[in-house]
Amino acid sequence: MLDGLSAPEQVRRREQVKRRRAWDEIPRWQIYLPLGIYLLFTLIPFYWILLFALRPAGSTSLVPWPMTTEHFEKVWTERSFATFFQNSLLIGLATLVMTTVIALAGGYALARFDFRVKKGFMLALLCSQFVPGALLLVPLFQTFASLRMINSLGSVIIAETVFQLPLSMILISGFIKNVPYSLEEAAWVDGCHRFSAFRIVVLPLLRPGLVAVGSFAFVHAWNHFLFALMFLSSQDKQTIPVGLNTLMGADSVDLGALAAGGVIAAVPVVIVFAFIQKWLVTGFSAGAVKG
């Protein structure tokens, strides 16, 4: 079976067989028990929030029966969650598009070109991830105020995009490095200029990476609370996280409405990840490997 392979390849194959046999010898309960405990702790909070969202007000039943949608109707109409949902969706999609397009251009430059301050620029991108957004709220607020962008969704979109770009550029540069440079060179020989070669040859191969970066940017913008709280003042411009905060009063909390709002906030993210999970895992795996 190992005939014809080089000595290092034979050693590697034997090690793979040993690891596979060691895995097969592990009792299955040692695998399923920790996974079951983890799954239990993961699903209980989801069941609890669904329980409060679906059972009638004042009920103490541990089963949401009879079910009611009164809490969802309350937050969607009376508490303006329809507007909050629309604003969050607009911010998330705009951040996704801007982050992906700009990071794609910057990541290509980092992956394909050598320039004098490249290492320093990469170091600056990495260091920027250690700066919390709260430290920059005051200068950002003053900048947007001078541009008359306070209480505008554009201010939140710009802030979210700027904070997503460093990590996104690093990830996309990793994806592009995994695409052989010879493919672009072959396209140039066939008469394509650089942009055409990138669009025809490289861009289709970056689909998993773009999905990973775009979904990460969308989810972060959807869930982020601080920028929307600071830069948006009127109720018709608020987002889902800020809307959830308004459901918690100083003296009492409407648990049913809060749970329904939490479900509304979580469902879009769950749906997105359910559809893109294969692309997401492939994309992050590709970006983690240095080409």
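In this report, the structure presented in the accompanying data block is examined. Sequence order as written defines the numbering, with residues in each chain counted from 1. Since the coordinates come from a predicted model, pLDDT governs what is reported: local features require at least 70, and pairs of side-chain atoms require 80 or more to be given and counted, while whole-chain, interface and lining totals use all residues. Side-chain numbers come from the whole structure's heavy atoms, not from hydrogens or water.

### Section: the overall build of the protein chain
Working step 1: Across its full length, the protein chain holds 13 helices and zero strands.
Working step 2: Summary of the burial criterion: residues with accessible area below 20% of their type's maximum are buried, those above 50% are exposed, and those between are partly exposed, where the area comes from a 1.4 Å probe applied to protein chains only. Taking all 291 residues of the protein chain together, 34% fall into the buried category.
Working step 3: Considering only contacts within the protein chain whose residues lie at least 6 apart along the sequence, 71% involve residues at least 24 apart.
Working step 4: When the accessible area of the protein chain is evaluated, it comes to approximately 17,700 Å², of which 69% is carbon and sulfur surface. The secondary structure listing takes helices from DSSP runs of H or I that are at least 4 residues long and strands from runs of E that are at least 2 residues long, numbered from the N terminus. Residue contacts follow a heavy-atom distance rule, with two residues in contact if any of their heavy atoms lie within 4.5 Å. Each accessible area value is a Shrake-Rupley result obtained with a 1.4 Å probe; residue values ignore everything except the protein chains displayed when judging cover.

### Looking at the pattern of salt bridges
Working step 1: A pairing counts as a salt bridge when a side-chain nitrogen of Lys or Arg comes within 4 Å of a carboxyl oxygen of Asp or Glu. What the rule picks out here adds up to two salt bridges.
Working step 2: In this structure, Glu184 engages Arg112 in a salt bridge whose closest nitrogen and oxygen atoms are separated by 2.6 Å. Residue Glu184 is found in helix α8 (residues 181-189), and its partner Arg112 is found in helix α4 (residues 81-112); the two are separated by 72 residues along the sequence.
Working step 3: A salt bridge links Asp114 to Lys118; the nearest nitrogen and oxygen atoms lie 3.4 Å apart.
Working step 4: A relative accessible area of 72% places Asp114 in the exposed class.

### Examining a nonpolar patch on the surface
Working step 1: Patch members must show over 30% relative accessible area and no salt bridge, and they are joined within 9 Å when carrying like charges or within 5 Å when they are nonpolar side chains of Val, Leu, Ile, Met, Phe, Trp or Tyr. A surface patch of nonpolar side chains, amounting to about 670 Å² of accessible area, comprises Trp29, Leu33, Ile37, Leu40, Phe41 and Ile44.
Working step 2: Trp29 sits in the exposed class, given a relative accessible area of 55%.

### Looking at the packing of α4 against helix α10 (residues 207-223)
Working step 1: Two numbers describe how α4 lies on α10: the axes approach to 8 Å, and their chain directions differ by 145°. α4 and α10 meet at a crossing whose hand is right-handed. Residue-level inspection shows Phe85, Ser88, Leu89, Ile91, Gly92, Leu93, Thr95, Leu96, Thr99, Thr100 and Leu104 of α4 in contact with α10, the latter providing Leu210, Gly214, Ala217, Phe218, Ala221 and Trp222.
Working step 2: Each residue is assigned to one of three groups, with Ala, Val, Leu, Ile, Met, Phe, Trp, Tyr, Cys and Pro labelled nonpolar, Asp, Glu, Lys and Arg labelled charged, and all others, Gly among them, labelled polar. A breakdown of the residues in the contact of α4 with α10 according to their chemical character gives eleven nonpolar, six polar and no charged. Only the stretch in contact is used when a helix axis is fitted, and all axes are lines through C-alpha atoms; the angle between N-to-C directions ranges over 0 to 180 degrees. Helix crossings are classified by the rotation of the near helix relative to the far one: an anticlockwise turn of less than a right angle makes the crossing left-handed, while a clockwise turn makes it right-handed.

### What about the packing of α8 against helix α9 (residues 194-205)?
Working step 1: Interhelical geometry of α8 versus α9 gives an angle of 140° and a closest axis separation of 9 Å. The angle between α8 and α9 places the two elements in the oblique class. Crossing handedness for the pair α8 and α9: right-handed. Within the contact between the two elements, α8 uses Tyr181, Leu183, Glu184, Ala187 and Trp188 and α9 uses Arg194, Ala197, Val201, Val202 and Leu205. Here roughly perpendicular refers to angles of 65 to 115 degrees, roughly parallel to angles under 35, roughly antiparallel to angles over 145, and oblique to all remaining angles.

### Considerations on the packing of aromatic side chains
Working step 1: The rule is short: rings of Phe, Tyr and Trp, with Trp giving its six-membered ring, pair when the centres are within 6.5 Å, and they are stacked under 30 degrees, edge-to-face over 60, tilted in between. Counted under the stated rule, the structure contains eleven aromatic pairs.
Working step 2: Their ring planes at 75° and their centres at 5.0 Å tell us that Tyr108 and Phe198 sit as a pair that is edge-to-face. Taken together, the residues Tyr108 in helix α4 and Phe198 in helix α9 connect sequence positions 90 residues apart.
Working step 3: Geometrically, the ring pair formed by Phe144 and Phe231 is edge-to-face, given 5.2 Å between the ring centres and 75° between the ring planes. Highlighted residues: Phe144 in helix α6 (residues 137-146) and Phe231 in helix α11 (residues 226-231), separated in sequence by 87 residues.

### Some details on α6
Working step 1: Those residues of α6 that fall on the buried side of the exposure criterion are Leu137, Leu140 and Phe144. Considered in projection along α6, the buried side chains sweep an arc of 65° and stay on one side of the axis. In α6, the exposed residues that point more than 90 degrees away from the buried face are Val138, Gln142 and Ser146.
Working step 2: Residues of α6 that are buried make contact with α7 (153-177) and α11. Throughout, the arc means the angular range of directions from the helix axis out to the C-beta atoms.

### Digging into the environment of Ser128
Working step 1: Positionally, Ser128 belongs in helix α5 (residues 118-128).
Working step 2: A residue is classified by how much of its surface remains accessible, and Ser128, at 29% relative accessible area, is partly exposed.
Working step 3: A C-alpha to C-alpha distance of 7.2 Å links Ser128 and Pro166, two positions 38 residues apart in sequence.
Working step 4: In the analysis that follows, any N or O atom pair within 3.5 Å is treated as a polar contact, provided that within protein one partner can donate a hydrogen and the other can accept it, and provided that, for residues neighboring in sequence, both atoms belong to side chains. Only 2.6 Å separates the side chain of Ser128 from the backbone oxygen of Leu125, close enough to count as a polar contact.

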